[in-house]
Amino acid sequence: MSDRADQPSGQQDTPMNPATDEANTSIPVTPGIEDADYNGAKDPFSKAFDEEQPPQSGWSSATAGPQWNANLTNNPDEGPKGRRPSSPSKAASGASGDDLLIRLSQTGQGTEHPQLTDVDPRAAHPALNLSGHVISATFTVPYSISYNPGADWELHPRRGTSALYDSLSYLASAESPWNHTLIGWTGEIELAIPKAQGSRANSSLHAHPLNQYSAPIPTGPAQKHGESNNAAPGLKISTSDRARLEKQLERDHGGRVYPVWLADTVEDDDTMTLHDQQRWRRYGEHELFTLFHYKTNEPNDGRSLRKAWADYYRMNKAFADAIMNVYKPGDVIIVHDYQLLLLPSLLRQRISTIYVGSFLHIPFPSSEYYRCLTRRKEVLEGMLGANMLGFQAYSYSRHFASCCTRVLGFESTSAGVEAFGTHVATDVFPIGINAESTIQSAFHSPEVERCIRALRDRYDGKKIIVGRDRLDSVRGVAQKLQAYEMFLERHPEWHDRVVLIQVTSPTSIGEEDDTADKTANKISDLVARINGAYGSLSFTPVQHYSQYLNKDEYFALLRIADLGLITSVRDGMNTTALEYVISQRDKHSPLIISEFSGTAGSLGSAMHINPWDLSGTADAIEAALVMSEPEKEYNHAQLYRHVRRNTVQAWTSNYLKRLLTSLTSFDQSSATPALDRTNLLTQYRASTRRLFMFDYDGTLTPIVKDPQAAIPSDRVLRTLKTLAADPANSVWIISGRDQNFLTEWMGHIPALGLSAEHGSFMRHPHTTTWLNLTETMDMQWQSRVLTVFEYYTSRTPGAFIERKKIALTWHYRQSDQEHATAMARDCQKQLEQTVGKEFDVEVMTGKANLEVRPKFVNKGEIAKQLIRDFGSERPDFVLCLGDDFTDEDMFRALNSSRLPPEHVFAVTVGASSKQTIAKWHLLEPSDVVSAVALLNGQSDAGNAGAVAVVDGVVPESRL
């Protein structure tokens, strides 16, 4: 469908990719294999693996990306016994929740007959005017980068999240109907270390750490864990060097790569200085990742947290800027994972009709945990800027919808959330792996066969249990070892007949304090205790390797295993389980997986355990070791077919198809993005003639049952007084309230302009006189309206009448809403057919009220008059906020004015599902006060991000 001219054929000759250099291959750690027996040069793409890293060929082409088999079909001989459900509807019959997900996963999503969307998305969805271009935003590019001043940059394949990178490689390949651009941060840049001539291939001791806790173990006595040998504080990178890296990334990766540069300072010659590069990870890893995995941090004074939040906001803003540099109308943007949760909303603020999907690769917690997050509202609002949100498991999607309801008050269902005037879809997409590539790596490598022979010789006559985890507390390694210890205690007949090979690689997540060290020490103590109690001089029941594995050794372990054991206490996706299933194609060994892993819902034929139930896990280990061959074959056949069909290519295609279907099904033109506070502050500071117009009820104060109880808080009054004190600001309260109420609560602020009863009365700043704009009008209609209101008041317990000088209002906030709403409809109909036809008045529905007023009196006319009062020098900044339909008159007047659109901020306040002609959205009165406090320069933690973007730093006064 799309022009692929910018993606040359993979047959062209290109320079060697650094990722294919055998020097990047880890040394073998398989027992029984000597260094001299290992020939790393035979491996064209050797890559260290961790638990979430399947093999991939995704970065081996410098021009067009790898060749993929996008829609894999299974050999009938390799498939499971029995028939699959013939349709999703049949599979889903009588199922719900995770069971529904499991059944749907068995319906063969990888169809052999491609749909039109698989071939030409633009033809399948003509109404969307697609460009055929996908922009993927990921936290980092797929390389760890080292700086070589004045020369080419060194690129090393980045460990972890390779399922994601496989997906991006597929989008960039010729098998995909899309053109593709990858947007990602460069990651922490280090100075390149000259490699000694004749030096051996990289081992785990020479790996490039992702952060302070991902350095190999051990690092030696003179170096603290996590410290890098070649850290480069104050690294300066010129414009020419940045351009060189951008060219290298585009040359060395299949598809366009656009790096995001995050600098501490930028000098006059555009040279970037990098000091604390890990600052951009802190909020995501220390706050979001921790809380989303059901852990909480120790309390502190909050200053460091607010700084981390400001950096998180700045980073997401930098991604939005980078995307806008390459975006063109009709592009589809996919945002990946927890580091970029604010990005969908930031993009929506730029273009309200932009096509954005987001996928969270980690768990989403229940509302009880999520409410502990300090910036809980901002994160949810950021995510809800997407058109569709994808999750790994059904429970995560349900938790998200629940949080939107309980934290934000949004209406939600299992299908999505009503937010900012439109529908945000939510769906479940269990991620897969590149099954074909995994088969090639596991079964077509001579080195894998050599490793298998060595392992068989070493553990001859023993059952092998394999565990592969990262070194952090959520992976459940300690629980695994404790359960294994209990198994050995209960079953002495298995002593000297079973061995647990546990590989623990450094974590990619920086944990605060000494959490990682405590986890490592606990694991070491458990290993020593088990080996001391149940081992001997000739045998140790636990073989623990705390390092990265070579790819061949990794697959050799998976192939030779008699049991795969995964005991995560909380996990979004676990691709090790999927790779284990593929590797067991011939042996059919069982898989035990934690029910808390996001992958468990897709692997219904695996043995599910609760990792906290040590006794149950020990029983499962024994049951798996004695399982009959027919049962093994049957269970594995179910798992194998699922993994083969639900590949990462199918996952990518399914996600895009669902996104396009959602875009087609729901009207996106009514979406109103959250107020862009960065843009608001920037325009405010650049202006000299400013106009502010505020509604009162529902805008400055919450709606309450008794209108007389809606009095302004001290903070509201202080904020308005500070704002009005600036001589460049003209500040007005335009309310439906009467003169007495506004005078009582706002009249003591002399610089504040007041408009009562929707514009019927006005009091200009620095005066005490009220002007009546309706004094010449015939008011005989009031008695007729009053009679009707009294009739319905008598029939509606709790209703009452508010008589203003001009308007009459019938309130029913304190009544039974179902009955009162029906009465209000009848009352409105009667008034429109009688008084409305005889007099020049209109009947307006408000929030639990009906109001009758003259037609020529409305807030829109007041807005026009206030703009005219500026004379020939029109205002260069207008902020107008209101919460109900009477305020739409102001928004309409501003939209039809001749003021430049970038100078006007028409903001609706309130219900997320409301549709409005305003351009921006705030959720509640506290957000209004916060936004005005931002302009006043007052302290507000929620505004730290916007201040950091505009000022470059967050002043201590804002913390």
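These lines cover the structure that appears in this document, whether it is placed above or below. The shown structure was predicted, so the numbers you read here are calculated from the model rather than taken from an experiment.

Cut-off values and rules
Residues numbered from 1 in each chain as written. Predicted model: local features only at pLDDT ≥ 70, side-chain atom pairs only at ≥ 80, totals over all residues. Heavy atoms only, no water. Core = buried A, V, L, I, M, F, W, Y, C linked by side-chain atoms within 4.5 Å. Buried < 20%, exposed > 50% of the residue type's maximum accessible area, 1.4 Å probe, protein only. Helix = DSSP H or I, 4+ residues; strand = E, 2+ residues; numbered from the N terminus. Contact = heavy atoms within 4.5 Å. Salt bridge = Lys/Arg side-chain N within 4 Å of Asp/Glu carboxyl O. Pairing = 2+ DSSP bridges. Polar contact = N/O pair within 3.5 Å; in protein donor to acceptor, adjacent residues only side chain to side chain.

### A look at the nonpolar core
1) Next: Counting residues in hydrophobic clusters, the biggest one holds 67 residues, and the most contacted among them are Phe 364, Leu 384 and Phe 400.
2) Next: If one sorts the elements of this core by residue count, helix 8 (residues 303–326) sits on top with 13 residues.
3) Next: Each residue touching Phe 400, except ones within four places of it in the same chain, is listed here: Phe 364, Leu 380, Met 383, Leu 384, Leu 389, Phe 391, Val 417 and Thr 426.

### Concerning the pattern of salt bridges
If the charged atoms of two oppositely charged side chains come close together, the side chains can form a pair.
1) Next: For the coordinates displayed, the defined rule picks out 39 salt bridges.
2) Next: A salt bridge links Arg 529 to Glu 485, with the nearest nitrogen and oxygen atoms 2.8 Å apart. Remark: Glu 485 occurs in helix 15 (residues 477–490) and Arg 529 occurs in helix 16 (residues 515–534); sequence separation between them is 44 residues.
3) Next: According to the relative accessible area criterion, Arg 529 is partly exposed, its value standing at 45%.
4) Next: On the basis of relative accessibility, which here comes to 15%, the residue Glu 485 falls in the buried class.
5) Next: Between Asp 889 and Arg 892 there is a salt bridge, and its shortest N-O distance comes to 3.1 Å. Taken together, the positions of Asp 889 and Arg 892, both in helix 29 (residues 888–895) and three residues apart, correspond to about one turn of that helix.
6) Next: Note on Asp 889: relative accessible area 18%, which makes it buried.

### Quick word on helix 31 (residues 944–951)
1) Next: Inspection of helix 31 places Ala 944, Gly 945, Ala 946, Val 947 and Ala 948 among the buried residues, and these make up the whole buried set.
2) Next: Contact partners of the buried residues in helix 31: helix 8, helix 22 (677–686) and helix 30 (925–936).
3) Next: Just beyond helix 31, the residue with positive phi is Gly 952, at close to 90 degrees.

### Regarding the sheet that holds strand 6 (residues 235–237)
The strands that make up a sheet are held in pairs by hydrogen bonds between backbone atoms, and each pair lies either parallel or antiparallel.
1) Next: Read from one edge to the other, the open sheet built from three strands follows the order 6-9-8, with strand pairing classed as antiparallel. Edge positions in the open sheet fall to strand 6 and strand 8 (265–266), since each of these has one partner strand only.
2) Next: When strand 6 meets strand 9 (residues 272–274), the two strands line up antiparallel, connected through three bridges. From the neighbouring strand, Ile 237 faces strand 9, where its bridge partner is Met 272.

### Brief notes about the environment of Asp 331
1) Next: Structurally, the position occupied by Asp 331 is in the loop between helix 8 and strand 10 (332–336).
2) Next: Here the alpha-carbon distance between Asp 331 and Leu 128, two residues 203 residues apart in the chain, equals 9.9 Å.
3) Next: Apart from the residues within four sequence positions on either side, Asp 331 is in contact with Ser 131, His 133, Ile 135, Val 326 and Tyr 355.
4) Next: A polar contact is formed between the side chain of Asp 331 and the side chain of Ser 131, at a distance of 2.4 Å.

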